Amino acid sequence: ILNVEQSPQSLHVQEGDSTNFTCSFPSSNFYALHWYRWETAKSPEALFVMTLNGDEKKKGRISATLNTKEGYSYLYIKGSQPEDSATYLCAFLQGAQKLVFGQGTRLTINP
Amino acid sequence: NAGVTQTPKFRILKIGQSMTLQCTQDMNHNYMYWYRQDPGMGLKLIYYSVGAGITDKGEVPNGYNVSRSTTEDFPLRLELAAPSQTSVYFCASSYSQGLSLGYTFGSGTRLTVV
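Below: a short report on this structure.

The rules we used
- Residues numbered from 1 in each chain as written.
- Chains lettered and ligands numbered in written order.
- Predicted model: local features only at pLDDT ≥ 70, side-chain atom pairs only at ≥ 80, totals over all residues.
- Heavy atoms only, no water.
- Core = buried A, V, L, I, M, F, W, Y, C linked by side-chain atoms within 4.5 Å.
- Buried < 20%, exposed > 50% of the residue type's maximum accessible area, 1.4 Å probe, protein only.
- Helix = DSSP H or I, 4+ residues; strand = E, 2+ residues; numbered from the N terminus.
- Disulfide = S-S within 2.5 Å.
- Pairing = 2+ DSSP bridges.
- Axes fitted to C-alpha atoms, helices over the stretch in contact; angles between N-to-C directions.

Notes on the nonpolar core
Right, on to step 1. In terms of nonpolar packing, the biggest core is built from 24 residues, with Phe21(A), Leu33(A), Trp35(A), Phe48(A), Leu75(A), Tyr88(A) and Leu107(A) touching the most fellow members.
Right, on to step 2. Those elements that place two or more of their residues in this core are strand 2 (10-14), strand 3 (19-24), strand 4 (33-38), strand 5 (45-50), strand 7 (62-67), strand 8 (72-77), strand 9 (86-94) and strand 11 (105-110) of chain A.
Right, on to step 3. By residue number, the principal contributor to this core is strand 9 of chain A, which donates 4 residues.
Right, on to step 4. Formed by 20 residues, the second largest nonpolar core is a distinct cluster that contains Tyr35(B), Ala92(B), Tyr103(B) and Phe105(B).

Next comes the structure, spelled out in structure tokens:
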């Protein structure tokens, strides 16, 4: 089983500030990289699925980039709002059949 | 469109008891998965299925069994519950292997084994 590492584990950001965090994954045998948003007491919801090196995806104030050659992805949140408080998970598609998840970055937005 | 439905939402089991966690999806997804979430450990894959009649082990399959007799249903069976199986269990499904669309998750089952 391959490791997917996310950093930092937790992050506190002031409302209105922008922030970013990292997902590291094996650079070999790459199929896809997923990002999920997971609010407390709810289930994870898919944000992005990225497959191409250099890919950049955007949804509102949230965007993500992908570097498959060096094995990392960044998630950016611009102008953080309290509703952005959640755990953000990345997951690496191993063997084109199953996702291996990182432990998540817990983001708290302070008003 | 209900998505992925898990039952029950909560359950307390005694050591050695058995139970089945139910999961059903109405999106005609071929791929279904069972994950468990332990504090600080992220989601760990227990079993997965790529279609009716086909199942395979994930990272932490010991103590669990699954079946996939229909496209819609993917129950997870605990035969002899142990305290180490105390966790939150999530069922998920996907249309493809995850190359284009993300997984759809159920709302989870919180299981405590005492």
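Let us keep going from here.
Looking at the state of the cysteines
Residue and element names in this part refer to chain A.
Right, on to step 1. Inspection of every chain in the model, using the stated rule, returns 2 disulfides over all chains.
Right, on to step 2. Between the sulfur atoms of Cys 23 and its disulfide partner Cys 90 the distance amounts to 1.9 Å. Its S-S torsion of approximately 75° makes the covalent link between Cys 23 and Cys 90 right-handed. Taken together, the residues Cys 23 in strand 3 and Cys 90 in strand 9 connect sequence positions 67 residues apart.

Looking at unusual backbone geometry
All names here are of chain A.
Right, on to step 1. Here the residue pair Ser 7 and Pro 8 is connected by a cis peptide bond, since its omega of -5° sits within 30 degrees of zero.
Right, on to step 2. Mapped onto the elements, Pro 8 comes out in the loop between strand 1 (5-7) and strand 2.
Right, on to step 3. Positioned with a positive phi, Ala 41 is a non-glycine residue whose angle comes to about 70°.
Right, on to step 4. Note on placement: Ala 41 falls in the loop between strand 4 and strand 5.
Right, on to step 5. Take Ala 41: its relative accessible area is 80%, and that puts it in the exposed class.

Describing the sheet that holds strand 8 (residues 76-78) of chain B
Residues and elements named next belong to chain B.
Right, on to step 1. Pairing is antiparallel in the open sheet, where 4 strands are placed in the order 1-3-8-7. The strands lining the two open edges of the sheet, one partner per strand, are strand 1 (4-7) and strand 7 (64-66). Looking at each pair of strands side by side, their axes are set apart by 20° on average, direction ignored.
Right, on to step 2. One ladder, built from 3 bridges, connects strand 3 (residues 19-25) with strand 8; its direction is antiparallel. Looking across to strand 8, one finds that Leu 21 is bridged to Leu 76.

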